[in-house]
Amino acid sequence: MTMPGLETLAFSEIRAKLADAQLVKFARGMVLFQTEAVPEKLLALRTVEDVFFMLERITGLGHGPDALRVLHSASLRADIATALLLWRRVHTGKRAKTWRVVSQMVGTHGYRRVDAGLSVIDALRRVFPSTMHLVEDDADLEVWLWLSGSEALLGARLSNATMRHRTYKHEHLPASLRPTAAAALNWLSQPTDDDVVLDPLCGAGTILIERALLAPYEQLLGGDKRREAVAIAERNATAAHVSATWQTWDARALPLDAASSTRIVTNLPFGKQIGTHAENHALYQALIKEFGRVLAPKGVLVTLTSEDRLWETIIREQGWLVQKKVVCVILGQPASIFVAHRS
Ligand SMILES: C[S@@+](CC[C@H](N)C(=O)[O-])C[C@H]1O[C@@H](n2cnc3c(N)ncnc32)[C@H](O)[C@@H]1O
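Residues numbered from 1 in each chain as written. Predicted model: local features only at pLDDT ≥ 70, side-chain atom pairs only at ≥ 80, totals over all residues. Heavy atoms only, no water.

On to the sheet that holds strand S14 (residues 333-342). One open sheet holds the seven strands; their spatial order is S10-S9-S8-S11-S12-S14-S13, and the pairing between them is mixed. Edge positions in the sheet fall to strand S10 (245-248) and strand S13 (320-330), since each of these pairs with one other strand and no more. Averaged over all adjacent pairs, the angle separating strand axes in this sheet is 15 degrees, with direction ignored. Where strand S8 (residues 196-199) lies against strand S11 (residues 261-267), two bridges are found, and the strand directions are parallel. Along S11, the bridge assignment pairs Leu198 with Ile264. Against the sheet, helix H9 (residues 227-239) makes contact with strand S9 (219-224) and S10, and its axis sits at roughly 170 degrees relative to S10, the strand it touches most. (Pairing = 2+ DSSP bridges. Helix = DSSP H or I, 4+ residues; strand = E, 2+ residues; numbered from the N terminus. Axes fitted to C-alpha atoms, helices over the stretch in contact; angles between N-to-C directions. Contact = heavy atoms within 4.5 Å.)

Here we take up the site of the ligand. In the vicinity of the ligand lie 22 residues, with Leu177, Ala204, Thr206, Asp224 and Arg226 positioned nearest. In this structure, Arg226 approaches the ligand through a side-chain N or O atom, which is 2.8 Å from an oxygen atom. Computed on the free molecule, the ligand has an accessible area of 600 Å², of which 97% lies beneath the protein chains in the complex. Of the residues contributing to the shell around the ligand, the split by class is 13 nonpolar, four polar and five charged. (Near = heavy atom within 4 Å. Polar contact = N/O pair within 3.5 Å; in protein donor to acceptor, adjacent residues only side chain to side chain. Areas by Shrake-Rupley, 256 points an atom, 1.4 Å probe, with all protein chains shown as cover. Nonpolar A, V, L, I, M, F, W, Y, C, P; charged D, E, K, R; others polar.)

Moving on, we come to the packing of helix H10 (residues 277-294) against helix H11 (residues 308-317). For the pair H10 and H11, interaxial distance at closest approach is 10 Å and the crossing angle is 40 degrees. Judged on the interaxial angle alone, H11 and H10 are oblique. Between H10 and H11 the crossing geometry is right-handed. Of the residues in H11, those touching H10 at Asn280, His281, Tyr284, Gln285, Ile288 and Phe291 are Leu310, Trp311, Ile314, Ile315 and Glu317. Taken together, the residues of the contact of H10 with H11 sort by class into seven nonpolar, three polar and one charged. (Parallel < 35°, antiparallel > 145°, perpendicular 65-115°, else oblique. Left-handed = near helix turned anticlockwise from the far one by under 90°.)

Looking now at the environment of Glu234. Along the chain, Glu234 falls in helix H9. Judged by relative accessible area, Glu234 falls into the partly exposed class, the value being 39%. Taking the C-alpha atoms as reference points, Glu234 and Thr192, 42 residues apart in sequence, are found 23 Å from one another. (Buried < 20%, exposed > 50% of the residue type's maximum accessible area, 1.4 Å probe, protein only.)

This part is about H10. Taking 1.5 Å of rise per residue, the 18 residues of H10 would be expected to cover 26 Å, and the 25 Å separating its terminal C-alpha atoms lies within 8% of that figure. Of all the bends in H10, the greatest, near 25 degrees, is centred on Leu283. Summarising the contacts, the buried residues of H10 are in contact with S8, S11, strand S12 (295-305), H11 and S13. (Expected span 1.5 Å × (residues − 1). Bend = angle between axes of the 7 residues up to and from the residue.)

In summary, soluble globular proteins display a tendency toward joint burial of nonpolar side chains. In this structure, Leu71, Leu124 and Phe128 are the most contacted members of the largest nonpolar core, which totals 43 residues. Elements supplying a minimum of two residues to this core: helix H1 (7-17), strand S3 (52-58), helix H3 (66-76), helix H4 (80-90), strand S4 (98-106), helix H5 (113-127), strand S6 (141-148) and strand S7 (151-157). No other element matches H4, which puts six residues into this core. Each residue touching Leu124, except ones within four places of it in the same chain, is listed here: Ser75, Ala78, Ile80, Trp99, Val101 and Val143. Among the nonpolar cores identified, the runner-up in size contains 34 residues, and Ala181, Cys202, Ala240 and Phe270 belong to it. (Core = buried A, V, L, I, M, F, W, Y, C linked by side-chain atoms within 4.5 Å.)

Spatially, the five strands line up as an open sheet ordered S3-S7-S6-S4-S5, and their pairing is mixed. Lying at the two open borders of the sheet, with one neighbouring strand each, are S3 and strand S5 (133-134). Sheet topology note: the S4/S5 ladder contains two bridges and is parallel. Residue pairing in the sheet places Trp99 in a bridge with Leu134 of S5. Together, S3, S6 and S7 form the strand contacts of H4, whose direction differs from that of S3 by roughly 160 degrees. The sheet contacts of H5 involve S4, S5, S6 and S7, and relative to S4 the element is tilted by about 145 degrees.

Moving on, we get to the packing of aromatic side chains. Per the counting criterion, the structure on display carries eight aromatic pairs. The interplanar angle of 75 degrees and the centroid separation of 4.9 Å between the aromatic rings of Phe52 and Trp146 together place this pair among those described as edge-to-face. Of this pair, Phe52 sits in strand S3 while Trp146 sits in strand S6; the two residues are 94 residues apart in sequence, bridging distant segments of the chain. Using a relative accessible area of 10% as the deciding quantity, one classes Trp146 as buried. Through a chain of ring-to-ring contacts, three or more aromatic side chains come together here, namely Phe11, Phe26 and Phe33. (Phe/Tyr/Trp six-rings, centres within 6.5 Å; stacked < 30°, edge-to-face > 60°.)

Written as structure tokens, this is what we have:
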């Protein structure tokens, strides 16, 4: 599972890191693929939020209550033994003692989501070892059921919340980016070992920390106009064992030499939690001029904003070429990632 809109990007990371990965299908926020890779490799993916072992995929599911019987018999076939082996492997030998079913439904069906969940539970009771207990919350092993139109997927969750929240992010700020989205921005920047990466509006530092955890680099530079944000970025980086240079600055007039960065990767104020739409007109104009000054001629600029129209107009007017635009959902609102070069 990944953030909606980032599915193809997540699959490009999967393909780069797991050479045998074969795509089965994309769905909203999901990539279904086959691999022989060990589960630890999957849990190390940075643009992915959760990893599941697919138990069953049912297509051509009817809309009426007969579908419940189909779900029941598919669940009876689920390879829970392999799911438990994989779970144990990624949980360093611990045995799962409890299980539960989480069900999600998209679209209208002739039965209720809870009845679909109960049907799966009834079947899985016969499949799980009798030593394991069914619980309502906080289960060791979660089996997720997704129902969308005539398709159903049943998956055993191998990851837990630390995969998407990471362990270093002790301190948050409003409008702070999810680490997986920060990793996606960096992935799009086409990292190279000699990158000098700049985040001029660093907030809690997520983007540069994720850059360090994604690929080798030469130098990381981050700053923000709020001193408390810089202090938080510094502490989060220390918790992640990442060394970067942090400064309090105004991103419209950076204390940096011309052409000194090879990558600028940043999350602009959306004009909602931080700044306003009116302020963004002037801010974005000033920022693109300064980014143009400090970025090396062959450098790559990766930006994220929900003010896509405003930003795209400004960067094109200033002579930048938009190589790629990825539309995604950030904090519940549509936003775009722009990958741009100087023309
Ligand atoms: C969307 S947030 C960045 C969030 C960050 N990526 C994170 O994960 O925490 C935008 C940041 O830009 C900063 N900012 C706004 N105007 C600025 C300016 N002129 N110079 C430097 N920083 C600025 C804000 O203080 C805020 O932290």
